Amino acid sequence: MSKVEDLKAEVLKALQSSDIASLYVLEQKAHDTFDEETLSGFYVNILDLALERLTDTLEAHRVMDTNEVQDFATLRALYEYAIENYSAGQTADASALFEVLSGLSNDEKFSKSMKFHWIASKEKLTLDDFLDNIADVDATQNAGTFYISCFNKEAQKLLSISQTDGELS
C-alpha cells in the first residue's frame, strides 16, 4: 500500500471507532500527505464526530471532562469550529457556539475563557479586534492551551459590561 492508502486506512479506523483524539494525532501526517480536498474532508470528519459527541453529552446532561482524551479532543474540535465561524465574520454562529462551550466543560478556566469569547462575538467584535484588544496571545502561547486562555484588562471591562446588562451569571 502507498503512503496515502496507509494513512487513509488509519483515518478510517479512527473514524469507525469515533476516535477524535487519534485523528488529531494523525493531523500532521494528513497535512503532509493529503491534497486540499482530502484534507478538507479529514477536518469535516473530525467536526462531524465532535458534533455527535456534543449531542450525546447534552442528551446525557453531563459536562465534558478535560482529563478524558475524547472529551478534550471534542472540545478542541468544537472550539476550532467556533473560531472558524468567528474568523469568517459569522459572529452570531460563533457566539452561540462559545456560549455552549462555556457551559460544556468541567474545566473552570476553559469555561471562563469561553465566556470572554462569547461576549466579544455577541458584541460583534471582529476576531482581529478580539485578538488585538481582548486576548493576550503571548501569554496564551506560554500557557500552551489550544484555546485563547489569557486576556488583558479590556477583557474584564467587557465582562463587567455584560454582567451589568444581566446576561451572565
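Anything mentioned here points back to the structure above.
All values reported here derive from a predicted model rather than from experimental measurement.

S.K.: For this particular structure, what's the right way to read the overall build of the protein?
M.R.: Looking only at helices and strands, one finds ten helices and zero strands in the protein. From first element to last, N terminus to C terminus, the protein shows the α and β order α-α-α-α-α-α-α-α-α-α. In summary, the protein has a C-alpha radius of gyration of 17 Å against a globular reference of 15 Å for 169 residues, a match within 12%. Along the three orthogonal principal directions, the C-alpha set of the protein runs to about 60 × 35 × 30 Å. Expressed as a percentage of its 169 residues, the buried residues of the protein come to 41%. A sequence separation of at least 24 residues applies to 53% of the contacts in the protein between residues at least 6 apart. Where the 14 positive side-chain charges of the protein centre and where its 31 negative ones centre are 5 Å apart.

S.K.: Which parts of the structure should I look at to understand the packing of helix H5 (residues 69-87) against helix H7 (residues 108-122)?
M.R.: Relative placement of two packed helices is described by the angle separating their axes and the distance separating the axes. Packing of H5 against H7 brings their axes to within 12 Å, and their N-to-C directions diverge by 15°. Considered as vectors, H5 and H7 are oriented roughly parallel to each other. Note on packing geometry: the crossing formed by H5 with H7 is left-handed. Mapping the contact onto sequence places Leu75, Tyr79, Ile83 and Tyr86 in H5 and Phe110, Met114, His117, Ala120 and Ser121 in H7. Considering only residue class, the contact of H5 with H7 consists of seven nonpolar, two polar and no charged.

S.K.: Looking at this structure, I do not really get the side chain of Ser95. What am I missing?
M.R.: In this fold, Ser95 is placed in helix H6 (residues 91-102). The buried category is assigned to Ser95, whose relative accessible area is 8%. There is a polar contact of 3.5 Å between the side chain of Ser95 and the side chain of Trp118.

S.K.: Is there a simple way to explain H5 in this structure?
M.R.: Side chains of residues three or four places apart in an α-helix project in the same direction, reflecting 3.6 residues per turn. For H5, with 19 residues, the first-to-last C-alpha span of 27 Å sits near the 27 Å given by 1.5 Å per residue. The set of residues buried in H5 consists of Gln70, Asp71, Ala73, Thr74, Leu75, Ala77, Leu78, Tyr79, Ala82, Ile83, Asn85 and Tyr86. Contacts made by the buried residues of H5 are with helix H2 (20-25), helix H4 (36-59), H6, H7 and helix H8 (127-134). Two residues or fewer past H5, Gly89 is found with a positive phi of approximately 80°.

What counts as what
Residues numbered from 1 in each chain as written. Predicted model: local features only at pLDDT ≥ 70, side-chain atom pairs only at ≥ 80, totals over all residues. Heavy atoms only, no water. Helix = DSSP H or I, 4+ residues; strand = E, 2+ residues; numbered from the N terminus. Rg over C-alpha atoms; globule rule 2.2 N^0.38 Å. Buried < 20%, exposed > 50% of the residue type's maximum accessible area, 1.4 Å probe, protein only. Contact = heavy atoms within 4.5 Å. Lys, Arg positive; Asp, Glu negative; His and termini not counted. Charge placed at Lys NZ, Arg CZ, Asp CG, Glu CD. Axes fitted to C-alpha atoms, helices over the stretch in contact; angles between N-to-C directions. Parallel < 35°, antiparallel > 145°, perpendicular 65-115°, else oblique. Left-handed = near helix turned anticlockwise from the far one by under 90°. Nonpolar A, V, L, I, M, F, W, Y, C, P; charged D, E, K, R; others polar. Polar contact = N/O pair within 3.5 Å; in protein donor to acceptor, adjacent residues only side chain to side chain. Expected span 1.5 Å × (residues − 1).

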